[in-house]
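Structural characterization, general
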Amino acid sequence: MPKRESSPPSFTPRPRPGEPAKIYPTAIVQPGATIGPDAVVGAFCFVASGARIGPGCRIQCHTSVWNGVILEADVFVGPAATFTNVRHPRAAFSRGPAAGGAWDETYVERGATVGASATLVAPVRIGAHAMIAAGAVVTRDVPSHAIVAGVPARIIGWACVCGETVARGARRPKRLQCEACEG
Ligand SMILES: [Zn+2]
């Protein structure tokens, strides 16, 4: 097994000094998109006019954030994660506001993580501090602090605010803090 270099984690949240979002030059951000302070939008991302990215979010490279996608504060989105905004798309049929409707919404609550190459099938809501594993395909709402993985994604455990696993299995534990965060 390769050594897990990211361990032990930092148990102190990253400071949010309120600086303008850092947007890498190859990213495309349409006018009207909302990107909060201290956010980072990586290379080759696309942020649509109606997307909302909260303060402190980190969008890694090659991710498109469409209309109808709302990320609260401090959401981590891994590289090449996929958001959607139409449940049943057809190239020949208009959807969304242009067709008199609305986008199917993806709402990600604060502190959640969307793993690399995970796919979120809208409409879907990801609870605060949830952890979506790399490559997962999320078709149902995810409770706060839940760790989900697989295709379709299922709950395999529970994560602390800091990202450490506090319990395995689908049953929500009483304690959702790791020992380090509990102090
Ligand atoms: Zn913790």
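Bear in mind the structure is a predicted one, so any value in this text is a computation, not a measurement.

When its secondary structure is counted, the protein chain shows one helix and 20 strands. Compactness check: the protein chain gives a C-alpha radius of gyration of 17 Å against a globular reference of 16 Å for 183 residues, within 12% of the reference. Its C-alpha atoms give the protein chain principal-axis dimensions of about 50 × 35 × 30 Å. Within the protein chain, the proportion of its 183 residues that are buried is 33%. Residue pairs at least 24 apart in sequence account for 19% of intrachain contacts in the protein chain once pairs closer than 6 positions are excluded.

With that out of the way, let us pick up the pairing of strand 20 (residues 165-168). Strand direction decides the pairing type here: strand 19 (residues 154-159) and strand 20, joined by three bridges, are antiparallel. Residue pairing in the sheet places A159 in a bridge with T165 of strand 20. The antiparallel hairpin formed by strand 19 and strand 20 contains five residues in its connecting segment, where G163 sits at a positive phi of about 105°.

Once that is clear, we can look at the nonpolar core. Formed by 42 residues in total, the largest nonpolar core has its most connected members in I53, V114, I132, V138 and V148. Secondary structure elements with two or more residues in this core: strand 9 (69-71), strand 10 (76-77), strand 15 (124-126), strand 16 (131-132), strand 18 (146-149) and strand 19. Sorting elements by how many residues they give to this core places strand 18 first, with three residues. Apart from residues no more than four positions distant in its own chain, I132 is found in contact with T113, V114, G115, A118, I126, V138, V142, V148 and A153.

So, on to the sheet that holds strand 3 (residues 34-35). Strand order across the open sheet formed by five strands is 3-6-9-12-15, with parallel pairing between neighbours. The open sheet has two free edges, formed respectively by strand 3 and strand 15, since each of these has just one partner strand. Pairing geometry for strand 6 (residues 52-53) and strand 9, over two bridges, is parallel. The residue of strand 9 that forms the bridge with R52 is I70.

A cis amide bond links A122 with the next residue in sequence, P123, at an omega value of 0°. Each neighbour pair has its own omega, and for V151 with P152 the value is -10°, a cis peptide bond. As for its position among the elements, P152 is in the loop between strand 18 and strand 19. Even without being glycine, H62 reaches a positive phi, approximately 65°. Tracing the sequence through the fold places H62 in the loop between strand 7 (58-59) and strand 8 (64-65). The class of H62 is partly exposed, set by 19 C-beta atoms lying within 10 Å. Although it is not a glycine, A80 adopts a positive phi angle of roughly 60°.

Strands in a sheet are paired, the pairing made by backbone hydrogen bonds, and the direction either parallel or antiparallel. Overall, mixed pairing links the nine strands, which are arranged 1-4-7-10-13-16-18-19-20 in an open sheet. Both outer strands of the open sheet, strand 1 (22-23) and strand 20, are each paired with one neighbouring strand and no more. Across two bridges, strand 10 lies against strand 13 (residues 113-114) in parallel orientation. Looking at strand 13, one finds that V77 is bridged to V114.

Right, let's get into the environment of A180. Within the fold, A180 resides in helix 1 (residues 179-182). Sequence separation of A180 and E164 is 16 residues, and the distance between their C-alpha atoms is 9.5 Å.

Calculation notes
- Residue numbers here run from 1 along each chain, matching the order of that chain's written sequence.
- Totals for whole chains, interfaces and linings use all residues, but because this is a predicted model, local features are given only for residues with pLDDT of at least 70 and pairs of side-chain atoms are given and counted only at 80 or more.
- Helix and strand labels come from DSSP, where a helix needs a run of H or I of at least four residues and a strand needs a run of E of at least two; each type is numbered from the N terminus.
- It is over C-alpha atoms that the radius of gyration is taken, and the globule rule equals 2.2 Å times the number of residues to the power 0.38.
- Partly exposed residues are those whose C-beta has more than 12 but fewer than 20 other C-beta atoms within 10 Å; 20 or more makes a residue buried and 12 or fewer makes it exposed, with C-beta atoms placed from the backbone.
- In this description, a residue-residue contact is defined by the distance between C-beta atoms placed from the backbone, which must lie within 7 Å.
- Note on pairing: two strands pair once DSSP finds at least 2 bridges between them.
- Core membership is restricted to buried Ala, Val, Leu, Ile, Met, Phe, Trp, Tyr and Cys residues, and these are joined into a nonpolar core through C-beta atoms within 7 Å.

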